[in-house]
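Read off the chains here:
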Amino acid sequence: HPMWLPDEALRPLGERRVLVAAGIDDPVVATVVAEVRAATARWGGAVTVASPDASLTGDEVRGHDVVLALVPSSTAPDEPTRALADDVPTASGSFGVLREGATTTVLGLDSPGLLYGLHHLVRAGAAAAEGDTPLTWYAPTNDVRMLDHWDNVDVHPVMGQVERGYAGGSIFYADGRVREDLSRVASYGRLLGSVGINAVAINNVNVHRTEARLLTDGLPDVARIADLFRPHGIRVHLSVSFAAPMTVGGLPTSDPLDPDVQAWWAARVADVYDAVPDFGGFVVKADSEGQPGPFAYGRDHADGANLLARALKPFGGTVFWRAFVYDHKQDWRDRSTDRARAAHDHFSPLDGRFDDNVVLQVKYGPTDFQTREPVSPVIAAMPRTRLAVELQVTQEYTGQQKHAVWLGPQWSEILRFPLSGDGPDGGRPGGRTVADVAAGTAGPPDARRAGLVAVSNVGDDAFWTGHPLAQANLYTFARLAWDPSADPQTLLDEWIGLTFPDADPVVRETLHRVLDDSWRTYEDYTAPLGVGFMVRPGHHYGPDVDGYEYTPWGTYHFADRDGIGVDRTRATGTGFTGQFPAPWRDAYEDVTTCPDELLLFFHHVPWSHVLHSGVSVAQHVYDTHWEGAARTVENAAAWDAIAGQVPADLHARVAERLAEQVRSAHEWRDQLRTYVFRHSGIPDATGRTVY
Ligand code: GCU
């Protein structure tokens, strides 16, 4: 399945006379030419390829419906480029679009810009050939638009081949090695390039024995993978183990201040760039969930990150250093340790100490990719650090691609969150947002830009993502990485239009109906009011209210007969609220101003506590779980009604997943409602069944 690039999506372009005036020496330009050639051959259009510096006359240009050129280009000086304004963006990947007379002109600032401009036209479809438009420039907000794969070369005994993967095996690896046939990787690169992704990390952040050797013995294979991504403007990255100098290199230490360790990394990096001249850099999970790190040597995470940054620096590489550091062996009896505090405690004192080719990669929330969390206070606390925000496209905690959960609204809410402002109800307009920090536009003028990273949801499944509708998450992430201010509904609409180009309007309506509110529906029937987890330990699918309550993982809800929630206040709790800037430190501290959806993240309250919504916590659980589960039944029925209007195998796969979602949602509903009733003794005012 072609995801959002079926042949028909390129039909409006393929029917035209297209001029590509950019030569084909550059691998990304070659991709543009190949796309246009294939589409015009299929749909009856025509293509002319001219060298970038051919002097084209006005008539030659006008003889085409579409002109794709690079800036600066030597098309006749008074022709398309004459309209070039002074405000040409500088970010790589920028492009301009102009429509005059019968000709649409796309000007790529560079070759990725040309590719993105081409796909801008593809998205616009037939509308791209209507009316006149003055030259309009499009520039990516974020320099870093990255997907991390948690793929293992070997099948891990517990985590399988793709850790937290819900779409089959890896597209990169099979049988303990890099695949011979990497054609899925080539198709994946094309899909990602079409939506502006420019970086991919190809192995799990938990780096096991075999995977640690990608850095050495595996380099020829890494180079094969890089060759397939390069034509789509994507640079390959590797996750590396901080202990590699010992485990791979045989040194007695991995101490970041040891000269032999530094020399070892410098030599490895030189080898990598011999094999992959445009290698992107490293992703590092250190001192986290059992991965080795600088703490073993009494060094801090700036020492650790800068060790690798200095090895990469001469080659232009970047270290993505993850801030997901906490004590995963906590004693549940210890009420003073708060996992939510850990990243800020570790990293905020290091602000300003990271080299400029280090990007600190921070999960959006303080715990772990839950359906609802406050934004991580680390994002607001490191103005002198390049910082990327990490999202989870793979649906570990949001239904594991069995449940239809479109995460666009969640991500958009996070990205638009005002970190500073005047009031608890959204802050001062113009205050810096999470998106501003990630883009690097919130800091001092010389701040280096970063962006967004997400864990991919793709595997070797025929539909790529297990649940075919989970493709919408991959698409939406990529488009938000390009422009975090985009309206997620518009992006969903784009995805529907590209993926189902000939569909009847009822198909479009049904997809919106199933997906538009699916994140809130999922929240409604799972862990309530921001308390998180309540999933089955280990694999994290399905309800288990007390599953994590007495474990070492630091993810507790503290429910008893009187109430539920985690007291993270400064007054009586763990003090986590104090890690936020104003106004949030006070808004969250006070139970009367804390938003309902985060109440149990910040406060321990009685079951009878009345929410802003006017109902008690207990009744809220009763109502939302009943209604959320009921909506899954309506969605499944709506989907049944469009049988025959989308490809049969896709319809069947979605139907099967929706049926499982209905089953699972009712399991969640009944466990949560019953749990609350048994603990609180408060009856459901509506009299609906509890067990
Ligand atoms: C979660 C997930 C792990 C993963 C970790 C991470 O805890 O369950 O599988 O390794 O996140 O982000 O590193």
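Basis of the calculations
- Residues numbered from 1 in each chain as written.
- Predicted model: local features only at pLDDT ≥ 70, side-chain atom pairs only at ≥ 80, totals over all residues.
- Helix = DSSP H or I, 4+ residues; strand = E, 2+ residues; numbered from the N terminus.
- Rg over C-alpha atoms; globule rule 2.2 N^0.38 Å.
- Buried ≥ 20, exposed ≤ 12 C-beta atoms within 10 Å, placed from the backbone.
- Contact = placed C-beta atoms within 7 Å.
- Core = buried A, V, L, I, M, F, W, Y, C linked by C-beta atoms within 7 Å.
- pLDDT = per-residue confidence, 0-100.
- Pairing = 2+ DSSP bridges.
- Axes fitted to C-alpha atoms, helices over the stretch in contact; angles between N-to-C directions.

- The name an unreviewed UniProt entry assigns to the chain is Xylan alpha-(1->2)-glucuronosidase, from the organism Cellulomonas algicola.

## Some words on the overall build of the chain
- Assigned secondary structure in the chain consists of 22 helices and 20 strands.
- By the compact-globule yardstick of 26 Å for 691 residues, the chain fits well, its C-alpha radius of gyration being 26 Å.
- The principal-axis extent of the C-alpha atoms belonging to the chain is close to 80 × 65 × 55 Å.
- Sorting the 691 residues of the chain into buried and exposed places 53% on the buried side.
- Of the contacts made within the chain by residues no fewer than 6 positions apart, 69% connect residues no fewer than 24 positions apart.

## A few points about the nonpolar core
- With 205 residues, the main nonpolar core has L68 and V434 as its most contacted residues.
- If we ignore the near neighbours within four places in the chain, the residues touching L68 are V18, V20, A22, V32, V106, L114, G117 and L118.

## What about the confidence of the model for the chain?
- In the predicted model, the chain carries a mean pLDDT of 94, and the fraction of residues at 70 or more is 95%.
- Both scores are given for the predicted complex: the pTM is 0.96, the ipTM 0.99.

## A closer look at unusual backbone geometry
- Backbone torsion omega between A582 and P583 reads 5 degrees, so that peptide bond is classified as cis.
- Inspection of the secondary structure assignment puts P583 in the loop between β19 (563–564) and α19 (584–589).
- Positioned with a positive phi, F369 is a non-glycine residue whose angle comes to about 50 degrees.
- Structurally, F369 is set in the loop between β16 (358–363) and α12 (378–381).
- The backbone phi angle of L529 is positive, close to 55 degrees, even though this residue is not glycine.
- You can see L529 is positioned in the loop between α18 (518–525) and β19.
- Residue L529 is classed as buried on the basis of its C-beta count, with 26 C-beta atoms lying within 10 Å.

## With respect to the sheet that holds strand β4 (residues 95–100)
- Taken in spatial order, the six strands of this open sheet run β2-β1-β3-β5-β4-β6, and their pairing is mixed. Strand pairing shows two members of the sheet lacking a second neighbour, β2 (46–50) and β6 (133–138), which therefore form its edges. Neighbour-to-neighbour, the strand axes of the sheet open up by a mean angle of 15 degrees, direction not taken into account.
- In this sheet, β6 lies alongside β4 in antiparallel orientation, the contact comprising four bridges. Across the sheet, the residue bridging to V97 is T136, located in β6.
- Contacts between helix α4 (residues 111–124) and the sheet are confined to β3 (66–70), β4, β5 (103–108) and β6, with β5 contributing the most and set at about 145 degrees to the helix.

## Points about the sheet that holds strand β12 (residues 199–201)
- A barrel is described by the order of its strands in space; here eight strands give the closed sequence β7-β12-β13-β14-β15-β16-β17-β18, paired in parallel fashion. Going across the sheet, the axis of each strand differs from the next one's by a mean of 25 degrees, ignoring polarity.
- As paired elements, β16 and strand β17 (residues 387–392) share four bridges and run parallel to each other. Bridge pairing in β17 places Q361 opposite A388.

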